Amino acid sequence: MRLIVFCLLFSTIWASADAQSTNHKKRPRSLAPLEQQLRSVIAGFRGDVGIYVHDLRTNQRVAINADTLFPTASTIKIPIQCGLFDKIHKGELTYNQQLVYKDSLHYDDGIVGSLKDGTKIPLSEVVMLMETVSDNTGSLWCQALAGGGTAINQWLETNGFHQTRVNSRTPGRETNRARYGWGQTTPHELADLLTYIWQGRAVSPDASEEMYRNLGRQYWDNDGLSQIPPDIKTASKNGAVNQARSEVVLVHAPHGNYVYCVMTKNQKDESWERTNEGFMLLRTVSAILWHYFEPQSSWKPAEGYEKWW
């Protein structure tokens, strides 16, 4: 009898140990080593850096100055798109309605700004140009059609984005514009906004789907996107001004989706070459994340890729 009891007890202990081992294997690995690696990369950066990483599979996060305000530069075009689709959802605009370009809309000589006075163009094409090639004249046109910065900021506040704001051409935000430029946000909020769209929660599921499609057609792919295999689905937006570089990316990786945002400000390096410290940081962080989340991947950018940029 004692032998039977001992065997049962022994079996129970080993079953418990085996269960604990199995549970341990199921536990997601800590992102602490990743955070340490990212901190070492930015240690010598000549300027301020904010990084936010969210593993959407395990819900783990890395946050380095992630709630600090940074200039958005062209990443503000994500909130502008949200404000515009809110108008469309309310029936105040139609996505494919014909717009008429006027010279009074001209801001710079991008694609939209190079149109002849009186040219007709669908609103959907202007939105696509805003997100895909980051057309500035088209973006300011979309901002106005969305009701201006005040209306967009109200949408952001209502949807829980309390730090992200449009400053340019927005009454009462002149001081903020002088400090941050067109817009301001945090790495945390900008990544959450992109995730919010992907989850179908921005404006409506159908609006979110169309916005996410637009964000998945990025022409400026020489920053963080250049460090991710081209057959991996991504949605992103980047931005740059003299003293700041920024990029937010949602990656549909084999292991599971992750989203990250890198933002800089007060950069000493104000050059516009590929070797700019900010541009290099965007690529470095993206490469670190890809190989951390996909350790079995042997992919790397094709040799000689940099010559194109």
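Shown above is the structure to which this text applies.
## Quick look at the overall build of the chain
Point 1. For the chain, the count of helices and strands is ten helices and ten strands.
Point 2. Burial status across the chain gives 50% buried among its 309 residues.
Point 3. Sequence-distant contacts, at least 24 apart, represent 64% of the contacts inside the chain between residues at least 6 apart.
Point 4. By element, 52% of the accessible surface of the chain is carried by carbon and sulfur atoms, the whole surface being about 15400 Å².

## Structural notes on the packing of aromatic side chains
Any two aromatic rings considered together are summarised by their centre-to-centre distance and by the angle between their planes.
Point 1. Inspection of the entire model under this criterion finds eight aromatic pairs.
Point 2. Measuring from centroid to centroid gives 6.0 Å for Tyr101 and Trp141, while their planes differ by 65°, and the two rings are edge-to-face. Here Tyr101, found in the loop between β4 (98-100) and β5 (120-122), pairs with Trp141, found in helix α5 (residues 136-145); they are 40 residues apart in sequence, far enough to count as distant.
Point 3. Classification of Tyr101 as buried rests on a relative accessible area of 0%.
Point 4. Taken together, Trp155, Phe161 and Tyr196 form an aromatic cluster joined through their ring pairs.

## As for the pairing of strand β10 (residues 256-265)
Point 1. Burial within β10 is extensive, with ten of its ten residues counted as buried.
Point 2. Of the two faces of β10, both are covered, the one formed by Gly256, Tyr258, Tyr260, Val262 and Thr264 as well as the one formed by Asn257, Val259, Cys261, Met263 and Lys265.
Point 3. Pairing analysis gives eight bridges linking strand β1 (residues 48-55) to β10, with the strands arranged antiparallel. Across the sheet, Asp55 pairs through a bridge with Tyr258, a residue of β10.

## With respect to the environment of Ala151
Point 1. Position of Ala151 relative to the elements: it lies in helix α6 (residues 148-158).
Point 2. A relative accessible area of 31% places Ala151 in the partly exposed class.
Point 3. Distance from Ala151 to Leu84, taken between C-alpha atoms, is 9.4 Å for residues 67 residues apart in sequence.

## Side note on unusual backbone geometry
Outside of glycine, negative phi angles account for most residues, and trans bonds account for most peptide bonds.
Point 1. Here Asn59, not a glycine, exhibits a phi torsion of approximately 65°, which is positive.
Point 2. Tracing the backbone through its elements, the reader meets Asn59 in the loop between β1 and β2 (60-64).
Point 3. By relative accessible area, which is 46% here, Asn59 ends up partly exposed.
Point 4. One non-glycine residue with positive phi stands out, namely Asn266, at about 55°.
Point 5. Examined against the element boundaries, Asn266 turns out to sit in the loop between β10 and α10 (277-293).

The rules behind each value
The written sequence of each chain sets the order in which its residues are numbered from 1. Under the rules for a predicted model, residues below a pLDDT of 70 receive no local features and side-chain atom pairs below 80 are neither given nor counted, while totals for whole chains, interfaces and linings still include all residues. Only hydrogens and water are removed before side-chain values are computed, so all heavy atoms of the structure are retained for them. In DSSP terms, a helix is any run of H or I states spanning at least four residues, a strand is any run of E spanning at least two, and both are numbered starting from the N terminus. The buried label applies to any residue whose accessible area, calculated with a 1.4 Å probe on protein chains only, is under 20% of its type's maximum; exposed applies above 50%, and partly exposed to all values in between. Contacts were defined at the residue level, with two residues in contact if any of their heavy atoms lie within 4.5 Å. Here, Shrake-Rupley sampling with a 1.4 Å probe gives the accessible areas, and only protein chains in the shown set may cover a residue. Pairing of aromatic rings covers Phe, Tyr and Trp, the last counted by its six-membered ring, and requires centre-to-centre distances within 6.5 Å; plane angles under 30 degrees mean stacked, over 60 mean edge-to-face, and any other angle means tilted. Strands qualify as paired when DSSP identifies two bridges or more between them.

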